Structures are given as C-alpha cells and as structure tokens.
Amino acid sequence: MMKKISRSRYLLLLFLPCFVWYVMFKYFPMFGIVISFKNYNLYKGIWASDWVGFKYYLQFFKNPDFFILMRNTFLLSLYKLIVGFPAPIILALLLNELTHKLFKRFVQSVSYLPHFISNVVVASMVIMFLSPSSGVVNRMIEALGFQPVNFMVKAELFRPIYALSEIWQHVGWETIIYLAALTAIDPMLYEAAEIDGASRWQKMKAVTLPGIMPAIVIILILNVGHVLEVGFEKVYLLSNPATYETADIISTYVYRVGLTQGSFSYASAIDLFTGIISLILILGTNYASRKFGDTSLW
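Our subject in this report is the structure included herewith.

**Side note on the side chain of Ser-111**
Part 1 of the argument: Mapping Ser-111 onto the fold places it in helix α6 (residues 101-112).
Part 2 of the argument: Of the residues examined, Ser-111 reaches a relative accessible area of 13% and is grouped as buried.
Part 3 of the argument: Polar side-chain contacts of Ser-111 include one of 2.9 Å to the backbone oxygen of Gln-108.
Part 4 of the argument: Beyond its immediate stretch of four places on either side in the chain, Ser-111 contacts Leu-91, Gly-172 and Trp-173.

**Things to note about the nonpolar core**
Part 1 of the argument: Core analysis: the largest hydrophobic core is formed by 25 residues, its most contacted members being Phe-85, Ile-89, Tyr-178, Leu-179, Leu-182, Ile-212 and Ile-216.
Part 2 of the argument: Of all the elements in the fold, those that place two or more residues in this core are α5 (86-97), α9 (155-183) and α11 (200-225).
Part 3 of the argument: Looking at this core, the element that brings in the most residues is α11, giving seven residues.
Part 4 of the argument: Aside from chain neighbours lying at most four places away, what touches Ile-216 is Phe-85, Ile-89 and Tyr-178.
Part 5 of the argument: Judged by nonpolar contacts, the second largest core, of 17 residues, contains Phe-37, Ala-267, Ala-269 and Ile-270.

**Brief notes about the packing of α9 against α11**
Part 1 of the argument: Running from N to C, α9 and α11 point in directions that differ by 140 degrees, and their axes come no closer than 9 Å. On the basis of their axis angle, the class for α9 and α11 is oblique. Regarding α9 and α11, the two cross each other, and that crossing is right-handed. Residues Ile-177, Tyr-178, Ala-181 and Leu-182 of α9 form the contact with α11, whose participating residues are Thr-208, Ile-212, Ala-215, Ile-216 and Ile-219.

**Notes on the packing of aromatic side chains**
Part 1 of the argument: In this structure the tally under the stated criterion is 25 aromatic pairs.
Part 2 of the argument: Ring centres 5.9 Å apart and planes at 40 degrees place the aromatic pair Trp-21 and Phe-25 in the tilted group. Of this pair, Trp-21 and Phe-25 are both found in helix α2 (residues 9-27), four residues apart, which corresponds to roughly one turn of the helix.

**Details of α6**
Part 1 of the argument: With 12 residues, α6 extends 16 Å between its outermost C-alpha atoms, agreeing within 8% with the 16 Å of an ideal straight helix rising 1.5 Å per residue.
Part 2 of the argument: Among all positions in α6, only Gln-108, Ser-111 and Tyr-112 are buried. In an axial view of α6, the angular spread of the buried residues amounts to 100 degrees, which keeps them on one side of the axis. Across α6 from its buried face, at more than 90 degrees, point the exposed residues Leu-102 and Phe-106.
Part 3 of the argument: The inward-facing, buried residues of α6 abut α5 and α9.

So, how was this worked out
Here the residue index of a chain counts from 1 through its sequence in written order. Reporting of local features is limited, given that this is a predicted model, to residues whose pLDDT is at least 70; pairs of side-chain atoms are given and counted only at 80 or more, and all residues count toward the totals for whole chains, interfaces and linings. Here the side-chain values reflect all heavy atoms present in the structure, with hydrogen atoms and water set aside. Here a helix means four or more residues in a row that DSSP labels H or I, a strand means two or more in a row labelled E, and each is numbered from the N terminus. For the exposure calls, accessible area comes from a 1.4 Å probe over protein chains only, and a residue counts as buried if that area is under 20% of its type's maximum, exposed if over 50%, partly exposed in between. Polar contacts here mean pairs of N or O atoms no more than 3.5 Å apart (in protein, one a potential hydrogen donor and the other a potential acceptor; neighbouring residues in sequence count only if both atoms are side-chain atoms). Every residue pair with non-hydrogen atoms within 4.5 Å of one another is taken to be in contact. Grouping buried Ala, Val, Leu, Ile, Met, Phe, Trp, Tyr and Cys residues that are joined through side-chain atoms within 4.5 Å yields what is termed a nonpolar core. Every axis in this analysis is a line fitted to C-alpha atoms, fitted for helices over the stretch in contact. Angles between the N-to-C directions lie between 0 and 180 degrees. When describing relative orientation, an angle under 35 degrees is termed roughly parallel and one over 145 degrees roughly antiparallel, while 65 to 115 degrees is termed roughly perpendicular and anything else oblique. In this scheme the crossing of two helices becomes right-handed for a clockwise turn of the near helix relative to the far one and left-handed for an anticlockwise turn of less than a right angle. Two rings from Phe, Tyr or Trp (for Trp, the six-membered ring) form a pair when their centres sit within 6.5 Å of each other. Planes less than 30 degrees apart are called stacked, planes more than 60 degrees apart edge-to-face, and all others tilted. Expected helix span is given by 1.5 Å per residue-to-residue step, counting one fewer step than there are residues. To be clear, the arc concerns the directions from the helix axis to the C-beta atoms.

Remember that the coordinates give geometry; whether it matters functionally is a separate question.
Structure representation (structure tokens):
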C-alpha cells in the first residue's frame, strides 16, 4: 500500500487542492443541515437553537407555491435536457467528420470560448440582443416587416431563451468529452465498415455512436441528477417579476427566503429536500441504465 502511495505521490499532490476544496465547500458544510430541523437563532447558535423536527419541511409542502416551484424547476431542466443534451453530441459527430484540420480547430476554439464568459456577461448579452429598442434580434424582425417583441417580459418565452443561452454557452465545452471518446474508437472498425461498403452515415450509425454510447449514458445520468439544481445565477439575472410565472424556481426561492428574508432554517429544509430528490433521480437513472444496458456509474 505504501509503495503504491509513494509511486503516485506526485499525482496525489496534484489531486490535493481538489480534495481540500471538496472537503471545505462540499462535505464540511453538510453539518449545517441540522438547522433545517431547528428554529435557528443567529444569536443562540446552531446547537442552542430550539429543535422543531420536520416543521419547515411540512411548511414547504403546504406552501401554495410548492407545485409552481417544482413545475418550473422540472420544466426548465427538461427544456435544457431535451435541447441541450443532444447538442454537444451532434457537434462532436460533425467535427469528427471534418477533414480540414485548420477549420476544425477554428470551429472548436470558437465553440469553446463562451464557456469561459461569466454568467453575468452572458445574461447581459442576452438582454441586449433581445432588447425591443436596440437588440439585434428585433432589428432583424423589423427588417422583415414585423413589430418588435419584448422577449424578456413574456413568461412563455423565458424557458426557450434560457435553454438556448445555455446551449450557446456550454455546447463547445461539453463536446470535449465526446471528442475524447471518439479518439478511443478503433480505426479498424471504420476500415472494416468501409470494406463492407458502408457510407459515412452508416459508419456513424454503426461504429461512431455505439463507440461513444458509454460516455453518453454516463453524462445523461449525471445530468438527470442535477435536474433540480438549475443554475441560479443565470435564472436570477434573466428573470423579472413579469416572468416569475415560469422563471421562479427552487434555487431563486431559496435565495429570497434564506438570504433576503433571513429564514435560514426554512431555506435549508428546501435545499436538503432538493438534494434528496436529486439523489433519488441519479440512483434511479443509474439502476435503469444498469438494468437495460451495459453502462452505469457504479
């Protein structure tokens, strides 16, 4: 055991910052979930605060906004999953078919760049592009002879806008995983398919897709586990009172009741509830994948 550790000491040293980060910001804060079972008082502290059991969980379930928040969160995640999940796969397959290396690298670089832009900047860009007075999109609509549309105050358009902005921002970065999986496919399989007279489409369907299917399944399982954890920053920045009907999700609600109103116990109860649901979803998806396929996380 010590010999293995000694041989891997440099790799372990590289892993150390990641380990420390997870301990400090992921595992250590778990002790704080106890306040969801207490009437937390900032002056008394966690342990001296009164124990109230499942009071705040029942309060959330009885809240008239409970089903609205769950619906909005699930639908927003569903939009992102249905539209956003296949996008990097399609882009990776298209890039894999390109023979011009310089153009391929250019497309990869351009598609990666938005991932490194702050959500604040991306949200500002979306608002600017969709502005009814000076936005590029409305200028094009006016050029076609139609009236400008105030996209950002239409509740029914919030989900498509959010999903499309997520694709534009992250599709290139997520493509890296599938491009890496493509490099692991044995070239002899393509040669054998070509000898059998397979077209490029048939080779993609019979060789490429099965070759990256394990990566696709694993990424799908991880994405399903984050269904209730829709990105708070972008939703908060893009939403406004006019779109709360479809834009108000669990994370924005937790922010309002927890930080704005100071109901720390109530906010912690909601957050723990979403974590449990996410765990159930990822366990269920992993079980189904293992039951009906050959790939799973464990």
